[in-house]
Amino acid sequence: MPVFSVLDLSPITQGSDAAQSFRNSLDLAQHAERWGYRRFWLAEHHNMPGIASAATSILIGHVAGGTSTIRVGAGGIMLPNHSPLVIAEQFGTLASLYPSRIDLGLGRAPGTDQRTAYALRRNLTSDEDEFPRDVVELMNYFAPAEPGQAIRAVPGAGLDVPIWILGSSLFGAQLAAMLGLPYAFASHFAPQQMMQAIALYRERFKPSEHLDKPYVMLGFNIFGADTDEEALLLSTSWKQAFVNLRSGRPGQLPPPKPGYDDELPPQFRAMLDQVLSCSAVGSPQTVRATLQQFLQRTGADELMLTAQIFDHKARLRSFEIAAEIRDNL
């Protein structure tokens, strides 16, 4: 049976606020736990009016505290925004509070625009090219402390915090393979190099103390509903938000809009077709067929499902449909 997990951006819908988004995230995590999802990950984004998960570590603690068995983690922490020691301490704290339940996915993008990245860091000298060195430094903080070690993560040293490499290009695939770490590809919004990245990772993978063989997780959008028509309508919220973002007008997640696809200019329709190529939109039968094809094509070990749906109950139903399909695959 394939492993299914949940990626949540804690969306802020039009007319709502972050407090409601956090309540929704916890409710989704509790449902996902009951439905047998393996993990519930939250993503770091900044200066995004429609995404509430900026303080990712804090929100992970909130979700982990309200659940009991599901793994909770970051998909991911954008490491160039932070010092490795700070992240080791934060996730060492989480792992101490919730043993054997915390995951740490690491990405090298800023998760925001250039000006906001500067505001986060106060300088841009620590660029993304330092990412491999920062990952190794962070991994070392989680290793058992050595006698005379000058700098330790307290808590953190000696704790079991699985590290994942996240990526949307060939860079992350090569790094994950070299370090012998599990690899998560952001195919849910940047699918262009997915098959190349999977092949490169599997070909170059070096077994490590962390992992003895390649392990591939792929992002996948789920817009499931009782009918194809309803699911297509639900998907228009995400489409509007993505077009607004790419047009320089980021905002809160808007309600579904009937006929939205028909009124789109051809260039935006082509962009959405490409971005949503790793997605299932439709009834349970349609979603099942799409998921089966995707799994057969990629051989993914795990799917990280995400659903940017305006209505919370409809979002729950989409994940419930996916879990029912998983159980019958």
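These numbers come from a predicted model, not from an experiment.

Caption draft 1: Structural context of the overall build of the protein. Scanning the protein for helices and strands turns up twelve helices and nine strands. At 19 Å, the protein has a C-alpha radius of gyration in line with the 20 Å of a compact globule built from 329 residues. Counting only C-alpha atoms, the protein reaches 65 × 40 × 35 Å along its principal axes. In the protein, which comprises 329 residues, the share counted as buried stands at 52%. Long-range contacts, defined here as pairs at least 24 residues apart, represent 73% of the contacts in the protein between residues at least 6 apart. Within the structure as shown, the protein displays about 14,400 Å² of accessible surface, and the carbon and sulfur contribution to it stands at 53%. Side-chain charges in the protein split into 27 positive and 33 negative, and the spacing between the mean points of these groups amounts to 1 Å.

Caption draft 2: Just helix H6 (residues 170–179), in detail. Three or more residues of H6 are buried, namely Gly172, Ala173, Leu175, Ala176, Ala177 and Leu179. At its buried positions, H6 is contacted by helix H5 (131–142), strand S5 (163–167), strand S6 (183–185) and helix H7 (194–204).

Caption draft 3: Inspection of the packing of H7 against helix H11 (residues 284–298) at higher detail. Viewed as axis vectors pointing N to C, H7 and H11 meet at an angle of 45°, and their least axial separation amounts to 11 Å. Considering their axes alone, H7 and H11 lie oblique with respect to each other. Seen from H7, the contacting residues are Met194, Met195, Ile198 and Arg202; seen from H11, they are Phe294, Arg297 and Thr298. Each residue belonging to the contact of H7 with H11 can be placed in one class, and the counts come to four nonpolar, one polar and two charged.

Caption draft 4: Quick look at the nonpolar core. Core analysis: the biggest nonpolar cluster contains 99 residues, and Tyr37, Phe91 and Leu104 have the highest contact counts within it. Contact partners of Phe91, with chain neighbours within four places excluded, come to Ser57, Ile60, Ala74, Ile77, Ile102, Asp103, Leu104, Phe142 and Val161.

Caption draft 5: Examining the packing of helix H3 (residues 84–97) against H5 more closely. Across the interface, H3 lies against H5 with an axial gap of 9 Å and an inter-helix angle of 40°. Taken together, H3 and H5 sit at an angle that is classed as oblique. Here the hand of the crossing between H3 and H5 comes out right-handed. Of H5, the residues touching H3 (which contributes Pro84, Leu85, Ile87, Ala88, Phe91 and Gly92) are Asp134, Glu137, Leu138, Tyr141 and Phe142. For the contact of H3 with H5, the class distribution of residues is eight nonpolar, one polar and two charged.

Conventions and cut-offs
Residues numbered from 1 in each chain as written. Predicted model: local features only at pLDDT ≥ 70, side-chain atom pairs only at ≥ 80, totals over all residues. Heavy atoms only, no water. Helix = DSSP H or I, 4+ residues; strand = E, 2+ residues; numbered from the N terminus. Rg over C-alpha atoms; globule rule 2.2 N^0.38 Å. Buried < 20%, exposed > 50% of the residue type's maximum accessible area, 1.4 Å probe, protein only. Contact = heavy atoms within 4.5 Å. Areas by Shrake-Rupley, 256 points an atom, 1.4 Å probe, with all protein chains shown as cover. Lys, Arg positive; Asp, Glu negative; His and termini not counted. Charge placed at Lys NZ, Arg CZ, Asp CG, Glu CD. Axes fitted to C-alpha atoms, helices over the stretch in contact; angles between N-to-C directions. Parallel < 35°, antiparallel > 145°, perpendicular 65-115°, else oblique. Nonpolar A, V, L, I, M, F, W, Y, C, P; charged D, E, K, R; others polar. Core = buried A, V, L, I, M, F, W, Y, C linked by side-chain atoms within 4.5 Å. Left-handed = near helix turned anticlockwise from the far one by under 90°.

Don't take any of this as a statement about function, it's just geometry.
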